[in-house]
Amino acid sequence: MTAQAILRPGGVAAKAHPRRSRWVEHSILPGFGVSLGITLAYLGAIVVLPLIALAIRPWELGPEGVWHALAAPRVAAALKLSFGLSALAALLNAPLGMLIAWTLTRYEFLGKRILDALVDLPFALPTAVAGIALTAIYAPNGPLGSLAAKIGIKTAYSPLGIFIALVFIGLPFVVRSLQPVLQDLDREVEEAATTLGANSLQRAVMVILPALAPSLISGVSLAFARAVGEYGSVVFIAGNLPGKTEIAPLLIVIKLEQYDYAGAAAIGLAMVAISFGSLILINLLQLFLARRGKA
Amino acid sequence: MTVEARPIPRTRLPGFAPLLVLASAVVMAALVLMPLFVVFGDAFSKGFGKYLASIRDPDAVSAIKLTLLVAAIAVPLNAAFGIAAAWCIAKFEFRGKSALLTLIDLPFSMSPVVSGLVWVLLFGAQGWFGTWLIDHDVRIIFATTGLVLATILVTFPFVARELIPLMQDQGADEEAAALTLGASGLTTFWKITLPNIRWALLYGVLLCNARAMGEFGAVSVVSGHIRGLTTTLPLHVEVLYNDYDFVGAFAAASLLASLGLVTLVLKTTLEWRHAGELSANRRH
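Keep in mind the model is a prediction, meaning the values are calculated, not measured. (Residues numbered from 1 in each chain as written. Chains lettered and ligands numbered in written order. Predicted model: local features only at pLDDT ≥ 70, side-chain atom pairs only at ≥ 80, totals over all residues. Heavy atoms only, no water.)

With respect to the overall build of chain B
- Within chain B, the secondary structure is distributed over 13 helices and zero strands.
- Secondary structure elements of chain B, listed N to C terminal, follow the sequence α-α-α-α-α-α-α-α-α-α-α-α-α.
- Against the compact-globule benchmark of 19 Å for 284 residues, chain B has a radius of gyration of 24 Å, which places it well outside the compact range.
- Per-residue burial over chain B gives 52% buried out of 284 residues.
- Of the roughly 13,000 Å² that chain B leaves accessible, carbon and sulfur atoms contribute 65%. (Helix = DSSP H or I, 4+ residues; strand = E, 2+ residues; numbered from the N terminus. Rg over C-alpha atoms; globule rule 2.2 N^0.38 Å. Buried < 20%, exposed > 50% of the residue type's maximum accessible area, 1.4 Å probe, protein only. Areas by Shrake-Rupley, 256 points an atom, 1.4 Å probe, with all protein chains shown as cover.)

In structure tokens form, the structure reads like this:
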């Protein structure tokens, strides 16, 4: 019998609080009611009430009105741009993240710890700061923007600029998802593959990649979710041309400035719904891969 | 006679490894490190005097003060919430726990703009409580209260997320022992729980504070951009940038970038020094 089991006067307490015991296992520790009360009250005021407003406000327009608000060419274009570029950026983050996570876990080199710490820089740098800095780099007169301009590529104030900003903010999610898995990956499996005659490419594709797949997918989906909602680091570099380089979060801001609360809420709700839907799809994919890995 | 074990080579691709390390370094330098250099480079591009003048500008000073004020309200509230949430979630078994965890994580998957929008829907001129607020002469949107609410919503998972996994790992045995030895609940918390979670708490507060001071999207929606009154430092950066005052914008941005760097250094130090006392996913 463990110490905890002795300490638990389960029967007596259960009789004293018959209603509570159905919901919470009895414990000797105090403060459950108070801490749960604070948690629920805070969550209710800060998260639940505002989200109820977001869920209800759009329907003032009626179901048709909501549809018209979202199907309007400008809104539809912004949603397509935000979700499309976010998916592309998250996909590029996969190989970049794998490369960096691999070097950080497998090799010893000078400055490795600094490189490792720098991975978090996109998290640490406030988005507005990253936004104006990226714009300065990729503007037609910026250090990289001018190089691209020479070969006729427009970076800042084009979809490509938005894409670069989204790659920047998504990278840490993929690296940080992969690192622990790569660290724990059993070396013997790789060595076994080598003794069985696998070359390095076969090892990477047939041994390492399947083991990484679930965490790679979750890292990529985190990067995607972050990119869809991203505002600060994108809004400066985007150019914000309606229908061309205008992202969905910016359109919410514009609708609010026009006091079109219901329209703004409709876009916000659509973004939450589409993100939620894609996360469910990604979870299903992960489940499928996990099952296949076991079979 | 002793047989020395031959060390197993770290990698079987000696020719390939330097290439991959180089590629990683190039990606990191071009994509991640360059923006940092540009911020400081552009901030000092017209000399130190101009930089100092930009930072001493009255609007900049009031933006700094407002940023500090908002963080000083939002961070302690979220830290208190984080401790309360972690206490009930990690130390007790009850129904609906996973729903509660999902709700706590929710703000991380919301667009910052939506986190600002919801407060306008509630308290804006045409919000649910808008008329009542106007009748009673209370301002929330386009005022400090709105900035605080938006900041709280964006940053509130940080502390809870650090504490919950750590406290779940630690279990309740130490607290149970203290209580059976006659310590009161509060004494147990101060003498047992708090020392056990102090580094993780600091870690969470650090991340929460960095995000609170650097938040842009959510506060941008509720601020109204009234210079010197409702512009936090990130919003001040935007206002100056849109006015083509690039030195001023990058000077203000350099303060925020420094905050980010200090946070990064402290965070990395905590990960190295107190790895065992942070939640498992933070250990390196």
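On we go.
A word on the overall build of chain A
- When you go through chain A residue by residue, the secondary structure sums to 16 helices and zero strands.
- Its C-alpha atoms give chain A a radius of gyration of 25 Å, clearly above 19 Å, the size a compact globule of 295 residues would have.
- Considering only C-alpha atoms, chain A reaches an extent of 80 × 65 × 35 Å along its principal axes.
- Residue burial in chain A is summarised as follows: out of 295 residues, 51% are buried.
- Considering only residue pairs separated by 6 or more positions, chain A has 72% of its internal contacts joining residues 24 or more positions apart.
- Counting 22 positive and 15 negative side-chain charges, chain A places the averaged centre of each group 4 Å from the other. (Contact = heavy atoms within 4.5 Å. Lys, Arg positive; Asp, Glu negative; His and termini not counted. Charge placed at Lys NZ, Arg CZ, Asp CG, Glu CD.)

A short note on a nonpolar patch on the surface
- Taken together, the side chains of V48, L49, I52 and I56 of chain A together with W128, F129, W132 and V138 of chain B define a hydrophobic patch exposed on the protein surface, amounting to about 680 Å² of accessible area.
- Per element, the largest residue contribution to the nonpolar patch is four residues, and it comes from helix α4 (residues 32–56) of chain A.
- Judged by relative accessible area, V138 of chain B falls into the partly exposed class, the value being 38%. (Patch = residues over 30% accessible without salt bridge, like charges linked within 9 Å, V, L, I, M, F, W, Y side chains within 5 Å. Salt bridge = Lys/Arg side-chain N within 4 Å of Asp/Glu carboxyl O.)

Details of unusual backbone geometry
Residue and element names in this part refer to chain A.
- A positive phi angle is found at Y157, which is not glycine, with a value near 60 degrees.
- With respect to the helices and strands, Y157 occurs in the loop between α10 (143–150) and α11 (159–184).
- Looking at Y157, the relative accessible area reads 35%, which means it is partly exposed.
- The phi dihedral of Y259 falls on the positive side, at around 55 degrees, and the residue is not glycine.

What about the interface of chain A and chain B?
- Contact residues are listed per partner, giving 89 residues for chain A and 89 residues for chain B.
- Between chain A and chain B the total buried area reaches about 7,900 Å² when both faces are included, carbon and sulfur atoms providing 79% of it.
- At the boundary of chain A with chain B, the tally comes to one salt bridge.
- Between D120 of chain A and K267 of chain B there is a salt bridge, and its shortest N-O distance comes to 2.5 Å. (Buried area = accessible area lost by both parts, 1.4 Å probe.)

Structural notes on helix α4 (residues 97–105) of chain B
- Looking only at α4 of chain B, the buried set comprises K97, L100 and I104 of chain B. Axial view of α4 of chain B: buried residues confined to an arc of 60 degrees, hence all on one face. In α4 of chain B, the exposed residues that point more than 90 degrees away from the buried face are S98 and T102 of chain B.
- Summarising the contacts, the buried residues of α4 of chain B are in contact with α4 of chain A together with α3 (58–91) and α8 (157–170) of chain B. (Arc of directions from axis to C-beta.)

Observations concerning the packing of aromatic side chains
- Summed over the entire model, instances satisfying the criterion amount to 21 aromatic pairs over all chains.
- Considering the side-chain rings of Y231 of chain A and F216 of chain B, the 5.7 Å spacing of their centres and the 20 degrees angle between planes classify their relative orientation as stacked. Here the residue Y231 of chain A occupies a position in the loop between α13 (200–229) and α14 (232–235), and F216 of chain B occupies one in the loop between α10 (185–214) and α11 (217–223), the pair thus bridging two chains. We note that Y231 of chain A, like F216 of chain B, is buried.
- Through pairs of rings, three or more aromatic residues link up here, namely Y231 and F236 of chain A together with F216, Y241, Y244 and F246 of chain B. (Phe/Tyr/Trp six-rings, centres within 6.5 Å; stacked < 30°, edge-to-face > 60°.)

Focus: the pattern of salt bridges
- All told, the structure shown has 15 salt bridges over all chains when counted by the stated rule.
- Three or more residues joined by partner-sharing salt bridges are found here, namely D116, D120 and R176 of chain A together with K267 and E271 of chain B.

Observations regarding helix α2 (residues 48–56) of chain B
Residue and element names in this part refer to chain B.
- All of the buried residues along α2 are Y51, S54 and I55. The arc enclosing the buried residues of α2, seen along the axis, measures out at 95 degrees, which places them on a common side. Seen from the buried face of α2, the exposed residues on the opposite side, beyond 90 degrees, are G49 and R56.
- As for α2, its buried residues are in contact with α1 (17–43), α3 and α13 (246–273).

Looking at the nonpolar core
- Residues I46 and I267 of chain A together with W119 and L163 of chain B are the most contacted members of the largest nonpolar core, which totals 183 residues.
- Excluding anything up to four places from it in sequence, I46 of chain A contacts W119, L149, I152, L153 and F156 of chain B. (Core = buried A, V, L, I, M, F, W, Y, C linked by side-chain atoms within 4.5 Å.)

Considerations on the environment of L278 of chain B
- Turning to its location among the elements, L278 of chain B is positioned in the segment after α13.
- The sequence separation of L278 of chain B and D243 of chain B amounts to 35 residues, and the corresponding C-alpha distance is 44 Å.

Section: the packing of helix α9 (residues 173–180) of chain B against α10 of chain B
Residue and element names in this part refer to chain B.
- Where α9 contacts α10, the two axes come as close as 10 Å, and the packing angle between them is 150 degrees. In terms of orientation, α9 and α10 fall into the roughly antiparallel class. In this structure, α9 crosses over α10, and the sense of that crossing is right-handed. Every residue of α10 that contacts α9 at E174, E175, A178 and L179 is listed here: G185, T188, I192, T193 and N196.
- Residues that form the contact of α9 with α10 fall into these classes: three nonpolar, four polar and two charged. (Axes fitted to C-alpha atoms, helices over the stretch in contact; angles between N-to-C directions. Parallel < 35°, antiparallel > 145°, perpendicular 65-115°, else oblique. Left-handed = near helix turned anticlockwise from the far one by under 90°. Nonpolar A, V, L, I, M, F, W, Y, C, P; charged D, E, K, R; others polar.)

Considering the environment of I46 of chain A
Residues and elements named next belong to chain A.
- Residue placement: I46 occurs in helix α4.
- Since its relative accessible area comes to 7%, I46 is described here as buried.
- With 135 residues separating them along the chain, I46 and V181 place their C-alpha atoms 35 Å apart.

Focus on the confidence of the model for chain B
All names here are of chain B.
- The pLDDT averaged across chain B works out to 90; a share of 94% of its residues lies at or above 70.
- Confidence over residues 7–12 falls short of pLDDT 50; this stretch has nine contacts with residues more than four positions distant or in other chains.
- Across the interfaces of the predicted complex, the ipTM metric reaches 0.89, alongside a pTM of 0.89. (pLDDT = per-residue confidence, 0-100.)

Comments concerning the state of the cysteines
Residues and elements named next belong to chain B.
- Applying the stated criterion to the full structure yields zero disulfides over all chains.
- Lacking any disulfide linkage, C88 is separated from the closest cysteine sulfur, that of C208, by 18 Å.
- With relative accessibility at 0%, the residue C88 sits in the buried group. (Disulfide = S-S within 2.5 Å.)

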